[in-house]
There are 4 protein chains.
Amino acid sequence: MTDYILRIDCPDEKGLVHKITGVLFFNNLNVERTDEFVERENSHFFMRVAFSGDCDPDKIEDGLRGILPDSAKISLTAKQIKDVVVLVTKEHHCLGELLIRNEYKDLNFNILAVIGNHETLKPLTEKFNIPFHFLPASGTDDDARKAHEEEVKKVLIEYDYDYIVLAKFMRVLTPEFTATYRHQLINIHHSFLPAFIGANPYRQAYERGVKIIGATAHFVTDDLDEGPIIFQDVIRINHTKTAQELAAAGRDVEKIVLAKALKLVFEDRVFIAGNKTVIFE
Amino acid sequence: MTDYILRIDCPDEKGLVHKITGVLFFNNLNVERTDEFVERENSHFFMRVAFSGDCDPDKIEDGLRGILPDSAKISLTAKQIKDVVVLVTKEHHCLGELLIRNEYKDLNFNILAVIGNHETLKPLTEKFNIPFHFLPASGTDDDARKAHEEEVKKVLIEYDYDYIVLAKFMRVLTPEFTATYRHQLINIHHSFLPAFIGANPYRQAYERGVKIIGATAHFVTDDLDEGPIIFQDVIRINHTKTAQELAAAGRDVEKIVLAKALKLVFEDRVFIAGNKTVIFE
Amino acid sequence: MTDYILRIDCPDEKGLVHKITGVLFFNNLNVERTDEFVERENSHFFMRVAFSGDCDPDKIEDGLRGILPDSAKISLTAKQIKDVVVLVTKEHHCLGELLIRNEYKDLNFNILAVIGNHETLKPLTEKFNIPFHFLPASGTDDDARKAHEEEVKKVLIEYDYDYIVLAKFMRVLTPEFTATYRHQLINIHHSFLPAFIGANPYRQAYERGVKIIGATAHFVTDDLDEGPIIFQDVIRINHTKTAQELAAAGRDVEKIVLAKALKLVFEDRVFIAGNKTVIFE
Amino acid sequence: MTDYILRIDCPDEKGLVHKITGVLFFNNLNVERTDEFVERENSHFFMRVAFSGDCDPDKIEDGLRGILPDSAKISLTAKQIKDVVVLVTKEHHCLGELLIRNEYKDLNFNILAVIGNHETLKPLTEKFNIPFHFLPASGTDDDARKAHEEEVKKVLIEYDYDYIVLAKFMRVLTPEFTATYRHQLINIHHSFLPAFIGANPYRQAYERGVKIIGATAHFVTDDLDEGPIIFQDVIRINHTKTAQELAAAGRDVEKIVLAKALKLVFEDRVFIAGNKTVIFE
């Protein structure tokens, strides 16, 4: 008896829930939870079904193909633990959070490796017996960027990962890179997007005198500050905090936001819908 | 084309989602959103379906009866605006919130009448052309309580309400009264239940030196502080606040918690499951 | 025995707290609470003292002038209830909140009058026996704007107000107008500034797929979306909400954020420090 | 030029702020921030002053003794990094949080040692080169409890600590033990106190169907669930969560609440006032 997660998204039409659950019913499977949502603006259907039972996944998928629109995206998985590679620069707070959770399986993932463009976090990573790949970058111009990304790709190819987590990876990625790993790249951004896009958001927040700061975890599409938002959280601040203290307070939010977003993604709860997400919590 | 909300709860068995949505599909109805949950401890099934289309409700219910367990509770409604009677004592903040929302239809309800055991809130109620019934109570002993509740019942019987909202009604209700209006009584409690049950929770919170206070909206079962919780919210406080200031800050939370809980209930999103609620937000 | 609030801001120098409290001590006054903050970037000193006792305010101010830098701003007030004029357009939720609080003195203010550029909110205002001035605007070009603001000024001059509250007043104000009422204009902005500046922030939030929305109360300086922020709050939202539902949810935040900001201002807790605020909560 | 924190609490009387700041002024010291609060119920005065300058602490304390009531508690420290011993049982989440913060000095403390009544967390502790003392307990009766506490005391005596942090130490402490380390013991409690006091709060929360759960960091006085509260935080939950999932979600809150409480304490911002705290944030 295994637990499966079935995910379907396709153009909406009448009877989809009935037909989809019919395939499961006639295969004698036990539905534990159904979530379904139709985005009316685009008339698009999203469904997540958790079910258990003895099951031939190929047969289920064939059955579903027969009743769903041709353009339907279907995924059926029993893989509850996702494999990830983590990219970092120098800041330790998000990586530390992930390493502790990985060590104790607090989050349903395995960290296969950490890649850093600085060597700073090598000792921390290796304390937990995770391989650390130090890939220094020679600059930030286009050529240096592409050259560095080629090195990253060479390391990535060694691993059989489901997702790549940018845990305070502070280099801007090229569109080629983000396109290659489309829907696999998850970033933590140090602001409550879309406020304070760009460099040094805590300094910006300080200058603007905001009373709340936050962090945003999102899939990466074209650049580091865009892409479908998965999770956000905020904390209250006040006039006594310097920009440095805002950054320190923000780091506590960042790591928790990243961990919560990853949990949602790794539990197969998150659908990407254009530049937005549909999340069945 | 009307929008309907179908709600079903029953013991779980295989194929329920398939069969239920089949009844809708074969009646040519258009499912807009499905939420379904199985409580594993009791193996109990809860489902809410929003659908549109041209529909004979009796025929749908008959169809569902044919496929569901005998003990299934089925409700099918197109009534999106709920009718309510509000019970109050002296505090104005919750009633004020409800009267403004009623005036502008900010909440999907109609206030049919307000009943008060004090006359304090008559002028406020009548500003909005809502009838106010002043029903003074002669005491708090059992006989006085029963006598007063009989008066309340006589007024209630005049109105065709869906729910009775206790908007800071400060009298303890008898089990007979709460049993009579089972699943129709919604109360706002001035604490983050189950902390500070009983009298003067803000004084209790002050004495205990808590750093967060809250409010709880719940269905009333046996007594005012128990029953399935619908919604809760909290605010941060600090040492500078007196017990009176805590109460004032708490009132802002109370009125918003009550309004949010009512919205969930009036949109038919809340199922009562023993002493808990299942809510499809 | 009256309670006074003394507020001082001036360039920082050694001994300020000692000297200031000395003036109070030697006048036999009883300090109840002192808050003091030095903004290091500008080396600027802010202090708020709540004290009680029998006091000649002029003598205290003279004493303070003698020991403080010439550029010091000193304010000493026993006026705990502030007088305000409220400006509105069509939306009722913030005005409703303020009228109920005014009726029951839930907030330490008196609403002297309401000015509307539409007549929509006249009936609500008059239910509470507050004068409503309907001042229609003939357009949004510069001339129409100035002509309308002249009408508003003529009404304002009739009242002896401390603050002007923009409770969803949807007209952009000219720099002349905002300069005239510098530090007296408080606005509620329907977004978590600086995100979604400009028109239709809830539509913008919907398009961007954010998971949290908010509201911001601030002093108005040059335009409606800038100026020192007083208070902000947020709520979680999800993919099921339409732009209209976001706006509805946002309105609940707006009115509470406005009320909380006003409370801080009316209790003389808020200092304007350039484009930021220093708030002694 | 060192930064000092001066903390005073004593019965209130007129002129305290003036006299205290006078001592600093006449010693040519530079006050950076003053926080002061008088608890009216007990007429008790609390003050925290951050100041810089060249200073003989003994001379300052002598000066203050001369002007303050005899019962005044005075503390003057330049020690910004506090030394702590951490007590744990089996759960890793709080210890992990503290070890990472210790490694990178994210929190102004040094972990001198970890004491565990189980050996579970030895490997984690030793990854960070912190000594781990495994002190197994032979039971939970009074004798076993006292015997175990004697062992703990023997280890504690080896270290020059400022505070003892109970980071999910799951043994009930004797009154003798808590009295010995009065005002030095900080505990993280896995519920939003005073709700769900006692064993298995997440199971209790699940049974009660609450919509929000939380955690509480507090000084320990007589037993593990009482004592002055330092910090609390909460998260929303819903009906889909099992008791186990509540516990998992709660752990994320616990570790952040503990870290925030420790920051407040280690920055000398927290005064104990009977069973409450006064905190100058």
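Reading the values: the criteria
Residues numbered from 1 in each chain as written. Chains lettered and ligands numbered in written order. Predicted model: local features only at pLDDT ≥ 70, side-chain atom pairs only at ≥ 80, totals over all residues. Heavy atoms only, no water. Helix = DSSP H or I, 4+ residues; strand = E, 2+ residues; numbered from the N terminus. Expected span 1.5 Å × (residues − 1). Buried < 20%, exposed > 50% of the residue type's maximum accessible area, 1.4 Å probe, protein only. Arc of directions from axis to C-beta. Contact = heavy atoms within 4.5 Å. Polar contact = N/O pair within 3.5 Å; in protein donor to acceptor, adjacent residues only side chain to side chain. Domains from an automatic or database assignment. Buried area = accessible area lost by both parts, 1.4 Å probe. Salt bridge = Lys/Arg side-chain N within 4 Å of Asp/Glu carboxyl O. Phe/Tyr/Trp six-rings, centres within 6.5 Å; stacked < 30°, edge-to-face > 60°. Lys NZ or Arg CZ within 6 Å of the ring centre and 35° of its normal. Nonpolar A, V, L, I, M, F, W, Y, C, P; charged D, E, K, R; others polar. Least-squares fit on C-alpha atoms with pLDDT ≥ 70 in both. Axes fitted to C-alpha atoms, helices over the stretch in contact; angles between N-to-C directions. Parallel < 35°, antiparallel > 145°, perpendicular 65-115°, else oblique. Left-handed = near helix turned anticlockwise from the far one by under 90°. Pairing = 2+ DSSP bridges. Right-handed = clockwise from strand over helix to strand, strands pointing away. pLDDT = per-residue confidence, 0-100.

### So, helix α5 (residues 142-156) of chain A
All names here are of chain A.
Then, in step 1: Compared with an ideal rise of 1.5 Å per residue, which puts 15 residues at 21 Å, α5 spans 21 Å between its outermost C-alpha atoms and is within 8% of the ideal.
Then, in step 2: Along α5, the residues that are buried comprise Ala144, Arg145, His148, Glu149, Val152, Val155 and Leu156. Projected down its long axis, α5 shows its buried positions confined to an angular sector of 125 degrees, all on one face. Among the exposed residues of α5, those pointing more than 90 degrees away from its buried face are Asp142, Asp143 and Lys154.
Then, in step 3: Tucked into the core, α5 has its buried residues touching β5 (82-88), β6 (109-116), β7 (132-134), β8 (163-166) and α6 (175-180).
Then, in step 4: The N-cap residue of α5 is Asp141: its side-chain oxygen and the backbone nitrogen of Asp143 are 3.2 Å apart.

### As for the domain arrangement of chain A
All names here are of chain A.
Then, in step 1: Assigned domains within chain A: domain 1 (2-78) and domain 2 (82-279).
Then, in step 2: A separation of 31 Å is found between the C-alpha centroids of domain 1 and domain 2.
Then, in step 3: In this assembly, 11 residues from domain 1 lie in contact with nine residues from domain 2.
Then, in step 4: Interface of domain 1 and domain 2: buried area, both sides summed, is about 840 Å²; carbon and sulfur atoms make up 56% of it.
Then, in step 5: Looking only at domain 1, the three residues that lose the most surface to domain 2 are Arg7, Phe46 and Arg48, adding up to 60% of its buried area.
Then, in step 6: For the pair domain 1 and domain 2, the interface holds zero salt bridges.

### Some points on the packing of aromatic side chains
Then, in step 1: For the coordinates displayed, the defined rule picks out 30 aromatic pairs over all chains.
Then, in step 2: Where D:Phe177 meets D:Tyr181, the ring centres are 4.8 Å apart and the plane angle is 50 degrees; that geometry is what we call tilted. Accessibility classification places D:Phe177 together with D:Tyr181 in one group, the buried group.
Then, in step 3: Three or more aromatic residues joined by ring pairs make a cluster, and in this case those are A:Phe46, A:Phe271 and A:Phe280.
Then, in step 4: Positioned above the aromatic ring of A:Phe271 is the side chain of A:Arg7, whose terminal nitrogen or guanidinium carbon lies 4.2 Å from the ring centre.
Then, in step 5: The side chain of D:Lys276 reaches across the aromatic face of B:Tyr206, ending 3.3 Å from its centre.

### Details of the interface of chain C and chain A
Then, in step 1: On the chain A side, the residues contacting the 33 residues of chain C number 33 residues.
Then, in step 2: The three residues of chain C that bury the most area against chain A are C:Arg208, C:Lys211 and C:His239, which together make up 23% of that side's buried surface.
Then, in step 3: Joining chain C to chain A, the criterion identifies four salt bridges.
Then, in step 4: Between C:Glu41 and A:Arg203 there is a salt bridge; the shortest N-O distance is 3.1 Å.
Then, in step 5: Secondary structure elements with two or more residues in the side of chain C that touches chain A: α7 (201-208), β11 (229-236) and β13 (276-279) of chain C.
Then, in step 6: Take the side of chain C that touches chain A: its biggest share by element is seven residues, from β11(C).
Then, in step 7: Broken down by class, the residue content of the side of chain C that touches chain A amounts to 16 nonpolar, seven polar and 10 charged.

### Some remarks on the relation of the copies chain D and chain C
Then, in step 1: You can overlay chain D on chain C at an RMSD of 0.0 Å; the transform is a turn of 180 degrees with a shift of 0.0 Å along its axis. Both chain copies can therefore be described as sitting about a two-fold axis. When each C-alpha of chain D is compared by its distance to the rotation axis, D:His18 comes out closest, at 2.4 Å.
Then, in step 2: Interface overlap between copies: 100% of the residues of chain D at the interface are likewise at the interface in chain C, consistent with a symmetric, same-surface contact.

### Concerning the packing of helix α3 (residues 93-104) of chain C against helix α8 (residues 243-266) of chain C
Residue and element names in this part refer to chain C.
Then, in step 1: At a closest axis distance of 9 Å, the pairing of α3 and α8 adopts a crossing angle of 45 degrees. What the angle tells us is that α3 and α8 run oblique. The two elements α3 and α8 meet at a crossing, and its hand is right-handed. Counted together, His93, Cys94, Glu97, Leu98 and Arg101 of α3 and Arg251, Glu254, Lys255, Ile256, Leu258, Ala259 and Leu262 of α8 form the full contact between these two elements.
Then, in step 2: Grouping the amino acids of the contact of α3 with α8 by side-chain chemistry returns six nonpolar, one polar and five charged.

### Brief notes about the interface of chain D and chain C
Interfaces are often sized by the accessible area lost when the parts come together.
Then, in step 1: Chain D puts 21 residues into the contact, and the matching count from chain C is 21 residues.
Then, in step 2: Roughly 2000 Å² of surface becomes buried between chain D and chain C when both sides are summed, with 51% attributable to carbon and sulfur atoms.
Then, in step 3: Per-residue buried area on chain D facing chain C is highest for D:Lys14, D:His18 and D:Phe25; these three make up 33% of the total on that side.
Then, in step 4: Here chain D and chain C share two salt bridges between them.
Then, in step 5: Remark: the boundary between chain D and chain C carries 11 residue pairs in polar contact (both at pLDDT 80 or more).
Then, in step 6: Where the side of chain D that touches chain C is concerned, the elements lending two or more residues are α1 (16-26) and β2 (30-39) of chain D.

### Here's the deal with the relation of the copies chain C and chain A
Then, in step 1: When chain C is fitted to chain A, the residual RMSD is 0.0 Å, and the transformation amounts to a turn of 180 degrees plus an axial shift of 0.0 Å.
Then, in step 2: The fraction of interface residues of chain C whose copies in chain A are also interface residues reaches 100%, indicating that both copies meet through the same surface.

### Digging into the sheet that holds β8(A)
Residue and element names in this part refer to chain A.
Then, in step 1: The mixed open sheet is built from seven strands, whose spatial order is β7-β6-β5-β8-β9-β10-β11. Each edge of the sheet is formed by a strand with only one pairing partner; in this case those strands are β7 and β11 (229-236). Strand-to-strand twist of the sheet, defined as the mean angle between neighbouring strand axes without regard to direction, takes the value 20 degrees.
Then, in step 2: Pairing analysis gives three bridges linking β6 to β7, with the strands arranged parallel. Paired with Gly116 across the bridge in β7 is Phe134.
Then, in step 3: Strand contacts of helix α8 (residues 243-266): β5, β6, β8, β9 (185-189), β10 (212-219) and β11, with the helix running at about 150 degrees to β11, the strand carrying the most contacts.

### So, the pairing of β9(A)
Residue and element names in this part refer to chain A.
Then, in step 1: Burial analysis of β9 places five of its five residues in the buried class, which makes it a mostly covered element.
Then, in step 2: Alternating residues of β9 divide into Leu185, Asn187 and His189 and Ile186 and Ile188, and every residue in both groups is buried.
Then, in step 3: The sheet contact formed by β8 and β9 spans three bridges and is parallel. In the sheet register, Ile164 faces β9, and the bridge partner there is Leu185.
Then, in step 4: Note on the crossover from β8 through α6 to β9: the handedness is right-handed.
Then, in step 5: Bridge count for β9 against β10 is four bridges, and the pairing is antiparallel. Bridge pairing in β10 links Ile188 to Ala217.

### Some thoughts on the confidence of the model for chain A
Then, in step 1: Confidence in the prediction of chain A, expressed as mean pLDDT, is 93, and 98% of residues score 70 or more.
Then, in step 2: Complex prediction metrics read pTM 0.95 and ipTM 0.93.

### A word on the side chain of C:His18
Then, in step 1: Relative to the helices and strands, C:His18 resides in helix α1 (residues 16-26).
Then, in step 2: For C:His18, the residues in contact, after removing those within four places along its chain, are D:His18, D:Thr21, D:Gly22, D:Phe25 and D:Phe26.

### Focus: the pattern of salt bridges
Then, in step 1: Enumeration over the complete set of coordinates arrives at 84 salt bridges over all chains.
Then, in step 2: The partner of C:Glu103 in a salt bridge is B:Lys127, and the shortest N-O contact between them spans 3.7 Å. You can see C:Glu103 sitting in helix α3 and its partner B:Lys127 sitting in helix α4 (residues 122-127), one on each of two chains.
Then, in step 3: A relative accessible area of 35% places C:Glu103 in the partly exposed class.
Then, in step 4: For B:Lys127, a relative accessible area of 18% puts it in the buried group.
Then, in step 5: Here C:Glu267 makes a salt bridge to C:Arg269, at a shortest N to O gap of 2.6 Å.
Then, in step 6: For C:Arg269, a relative accessible area of 12% corresponds to the buried category.
Then, in step 7: Salt bridges sharing partners connect three or more residues here, namely A:Glu97, A:Arg101, A:Asp252, A:Lys255, D:Glu97, D:Arg101, D:Asp252 and D:Lys255.

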